[in-house]
Protein chains: 4
Amino acid sequence: MITIDQARRIIAAGEARAQEIGVPVNITVLDAGAHLKAFSRMDGAVLGSIDLAMGKARTAVLFQTTSEAVWDYCKPGAPAHALELSNGGLAPFPGGISLFAPDGTVIGAVGVSGGAVPQDLEIAQAAAAAAA
Amino acid sequence: MITIDQARRIIAAGEARAQEIGVPVNITVLDAGAHLKAFSRMDGAVLGSIDLAMGKARTAVLFQTTSEAVWDYCKPGAPAHALELSNGGLAPFPGGISLFAPDGTVIGAVGVSGGAVPQDLEIAQAAAAAAA
Amino acid sequence: MITIDQARRIIAAGEARAQEIGVPVNITVLDAGAHLKAFSRMDGAVLGSIDLAMGKARTAVLFQTTSEAVWDYCKPGAPAHALELSNGGLAPFPGGISLFAPDGTVIGAVGVSGGAVPQDLEIAQAAAAAAA
Amino acid sequence: MITIDQARRIIAAGEARAQEIGVPVNITVLDAGAHLKAFSRMDGAVLGSIDLAMGKARTAVLFQTTSEAVWDYCKPGAPAHALELSNGGLAPFPGGISLFAPDGTVIGAVGVSGGAVPQDLEIAQAAAAAAA
């Protein structure tokens, strides 16, 4: 079970990286049941990226993987056409990462949005690394 | 415009009071346009109160008052029956408080849920007091 | 069929009365099919009243009456309990008024919100009077 | 903060261009928080384009850009697949333009729909030019 202390460390690590890069982002932390644990919108992050940070984290935790891994199942030519329309709409692109306990149990996910996609991914990876 | 530093002070003040009382709560901070700025769910807070913390803060900021003040308009015998069905559903009971700049401009709102209603109100008041 | 020129006269008449009273309001004009024709939010009107102006006008036109007349059907003791939950949520209190052509055909409705309920009603009546 | 006077100038400029072109359109003006400020549907504009005018303006302001610029992030081959499903559904095609204060702060957006896409864009540009 993810704790609020973990969630704060995750957000702090993500924001530290975002400040190094110089891009304001939203960071969402969800628990294993896809319920919101913590959220932070850095000053200057665009409003449209709030929902994207939520969506990436939700996409990741619902399938216990990363948000972009879900795209492999629904992209053109893949077998699960329109999978992205399920669950109220997924966000199957980089920036959502599931978090796991040492025993491999999923404990939640982090989602980042506000920068270019590679920036969001880099920030999400820095955030996720702080979950341990 | 509310800043993330303000939002963190608001949440910290609310959580300090919640810990004194001994009740885990969710705390939402919204900006003046009712968009999420920061959120924190203390360990042990029930899932159903996530949406209530959001709803109380939204109810407060949409009407630039407290969440319970909205009830005066929609309670039995008051003139705006079913007002609580508007805006996607309001939460017109204590725990949501609008935040104002020194010049009287609304800058956002805080919403608290997780305890008994008087506890939520006390925590929201402690949180709001830290906005200045 | 309501025209944009009529809708502008309706809004202008409502706003003139609102300025006399000294209360900023939202004014919605819908057509006979409950689709938006025109809308105006005066500077200073609270955000939560946007949806209420919409809801009052919609409540009125859907039943070809006034918004408060719908309350007679759903108030405690009346036969249509919870009618206000229908149609995505009604706003059965004063401030919505259906508009009729000289031959009695409904052509739309106006909805006003932002002040106290009696103020909204007075402004809506002034607005509706300009529809002719 | 966008004023109702600005919003009316924006709509008037858009409608003047629409009349020159000879195409009836809907014009939406939103504030910086994506809340409705003013709306006008010219006589003859199709009903389905009401929501499109809203959606284009919302898409623009949520990302502080134009509605079509958002498509660069979600079109086939771009990194944010299905981004258009976020925020309750985006409208990432021409006709939505963010509006900025002289200091670069976003103050809202205008959205136009009802004609062919190039017509909507031309009308939206004429409307946006009147915001200054």
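Residues numbered from 1 in each chain as written. Chains lettered and ligands numbered in written order. Predicted model: local features only at pLDDT ≥ 70, side-chain atom pairs only at ≥ 80, totals over all residues. Heavy atoms only, no water.

## Structural notes on the overall build of chain A
Stage number 1. Counting its secondary structure elements, chain A contains 4 helices and 4 strands.
Stage number 2. Compactness check: chain A gives a C-alpha radius of gyration of 14 Å against a globular reference of 14 Å for 132 residues, within 12% of the reference.
Stage number 3. Each principal axis of the C-alpha distribution contributes one length, and for chain A these read about 40 × 35 × 20 Å.
Stage number 4. Per-residue burial over chain A gives 55% buried out of 132 residues. (Helix = DSSP H or I, 4+ residues; strand = E, 2+ residues; numbered from the N terminus. Rg over C-alpha atoms; globule rule 2.2 N^0.38 Å. Buried < 20%, exposed > 50% of the residue type's maximum accessible area, 1.4 Å probe, protein only.)

## A short note on the sheet that holds strand S1 (residues 26-31) of chain C
Stage number 1. A sheet is described by the order of its strands in space; here 8 strands give the open sequence S3(C)-S4(C)-S1(C)-S2(C)-S2(D)-S1(D)-S4(D)-S3(D), paired in antiparallel fashion. Two strands bound the open sheet, and with one partner strand each, they are strand S3 (96-100) of chain C together with strand S3 (96-100) of chain D. In this sheet, adjacent strand axes meet at a mean angle of 15° when their direction is disregarded.
Stage number 2. Both S1(C) and strand S4 (residues 106-113) of chain C contribute to a ladder of 6 bridges, which runs antiparallel. Bridging from a neighbouring strand, Asn26(C) pairs with Ser113(C) of S4(C). (Pairing = 2+ DSSP bridges. Axes fitted to C-alpha atoms, helices over the stretch in contact; angles between N-to-C directions.)

## Focus on helix H1 (residues 4-21) of chain C
Residue and element names in this part refer to chain C.
Stage number 1. Over its 18 residues, H1 runs 26 Å from end to end, which matches the ideal 26 Å to within 8%, given 1.5 Å per residue.
Stage number 2. Among the residues of H1, those classed as buried are Ile-4, Gln-6, Ala-7, Ile-10, Ile-11, Gly-14, Glu-15 and Ala-18. One face of H1 carries all of its buried residues, which in axial projection span an arc of 165°. Along H1, exposed side chains directed more than 90 degrees from the buried face belong to Asp-5, Gln-19 and Glu-20.
Stage number 3. Looking one or two residues past H1, Gly-22 carries a phi angle of roughly 85°, positive in sign. (Expected span 1.5 Å × (residues − 1). Arc of directions from axis to C-beta.)

## Comments concerning the interface of chain C and chain D
Put simply, an interface is often sized by how much accessible area is lost when its parts join up.
Stage number 1. On the side of chain D, 19 residues touch chain C, which itself brings 19 residues to the contact.
Stage number 2. Interface of chain C and chain D: buried area, both sides summed, is about 1,500 Å²; carbon and sulfur atoms make up 44% of it.
Stage number 3. The largest contributions to the chain C side of the interface with chain D come from Leu36(C), Arg41(C) and Asp43(C), which together make up 35% of the buried area.
Stage number 4. Counting every contact that joins chain C to chain D gives 6 salt bridges.
Stage number 5. Our count for the chain C to chain D interface comes out at 17 residue pairs in polar contact (both at pLDDT 80 or more).
Stage number 6. Broken down by secondary-structure element, the contributors of at least two residues to the side of chain C that touches chain D are H1, strand S2 (36-41) and helix H2 (48-62) of chain C.
Stage number 7. No other element matches S2(C), which puts 6 residues into the side of chain C that touches chain D. (Contact = heavy atoms within 4.5 Å. Buried area = accessible area lost by both parts, 1.4 Å probe. Salt bridge = Lys/Arg side-chain N within 4 Å of Asp/Glu carboxyl O. Polar contact = N/O pair within 3.5 Å; in protein donor to acceptor, adjacent residues only side chain to side chain.)

## Examining the relation of the copies chain A and chain B
Stage number 1. Each copy of the sequence occupies a distinct position, and chain A is placed on chain B by a rotation of 179° and an axial shift of 0.1 Å, giving an RMSD of 0.1 Å. The transformation relating the two chain copies, once decomposed into turn and shift, fits a two-fold axis. Nearest to the rotation axis, the C-alpha of Phe39(A) is located 2.4 Å from it, this being the minimum over chain A.
Stage number 2. When you check the interface residues of chain A against chain B, 100% turn up at the interface there too, and the contact is symmetric in its surfaces. (Least-squares fit on C-alpha atoms with pLDDT ≥ 70 in both.)

## Here we look at the interface of chain A and chain B
Stage number 1. Contact residues are listed per partner, giving 19 residues for chain A and 19 residues for chain B.
Stage number 2. Surface buried jointly by chain A and chain B totals about 1,500 Å² across both partners, of which 44% is contributed by carbon and sulfur atoms.
Stage number 3. It is Leu36(A), Lys37(A) and Arg41(A) that lose the most area in chain A upon contact with chain B, and together they represent 34% of the buried surface on that side.
Stage number 4. Between Arg8(A) and Glu15(B) there is a salt bridge; the shortest N-O distance is 2.7 Å.
Stage number 5. Counting across the interface, chain A meets chain B through 17 residue pairs in polar contact (both at pLDDT 80 or more).
Stage number 6. Among the secondary structure elements, those contributing two or more residues to the side of chain A that touches chain B are helix H1 (4-21), strand S2 (36-41) and helix H2 (48-62) of chain A.
Stage number 7. Top element by residues in the side of chain A that touches chain B is S2(A). It accounts for 6 residues.

## Notes on the packing of H1(A) against helix H4 (residues 117-129) of chain A
Residue and element names in this part refer to chain A.
Stage number 1. Contact pair H1 / H4: the axes reach a minimum separation of 7 Å and the direction vectors enclose 140°. One finds that H1 runs oblique with respect to H4. For H1 against H4, the interelement crossing comes out right-handed. Residues Ile-10, Ala-13, Gly-14, Arg-17, Ala-18 and Ile-21 of H1 lie in contact with H4, whose contacting residues are Gln-119, Glu-122, Ile-123, Ala-126 and Ala-127.
Stage number 2. Counted by class, the contact of H1 with H4 contains 7 nonpolar, 2 polar and 2 charged residues. (Parallel < 35°, antiparallel > 145°, perpendicular 65-115°, else oblique. Left-handed = near helix turned anticlockwise from the far one by under 90°. Nonpolar A, V, L, I, M, F, W, Y, C, P; charged D, E, K, R; others polar.)

## So, the confidence of the model for chain A
If pLDDT is low for a region, its predicted coordinates should not be looked at in detail.
Stage number 1. Mean pLDDT over chain A: 96, with 100% of residues reaching 70 or higher.
Stage number 2. Complex prediction metrics read pTM 0.97 and ipTM 0.96. (pLDDT = per-residue confidence, 0-100.)

## As for the pattern of salt bridges
All names here are of chain C.
Stage number 1. In this structure the tally under the stated criterion is 28 salt bridges over all chains.
Stage number 2. For Arg-17, the salt bridge identified is with Glu-20, shortest N-O distance 3.4 Å. With a gap of 3 residues between them, Arg-17 and Glu-20 both fall in helix H1, about one helical turn apart.
Stage number 3. Assessed through its relative accessible area of 62%, Glu-20 is described here as exposed.

## Digging into the side chain of Asp31(A)
Stage number 1. Take Asp31(A): it is sitting in strand S1 (residues 26-31).
Stage number 2. Since its relative accessible area comes to 13%, Asp31(A) is described here as buried.
Stage number 3. Within the local environment of Asp31(A), its side chain forms a polar contact with the side chain of Arg41(B), the two groups lying 2.7 Å apart.
Stage number 4. Residues within four places of Asp31(A) in sequence aside, it is in contact with Ile2(A), Lys37(A), Val61(A), Ile107(A), Gly108(A), Arg41(B) and Leu47(B).

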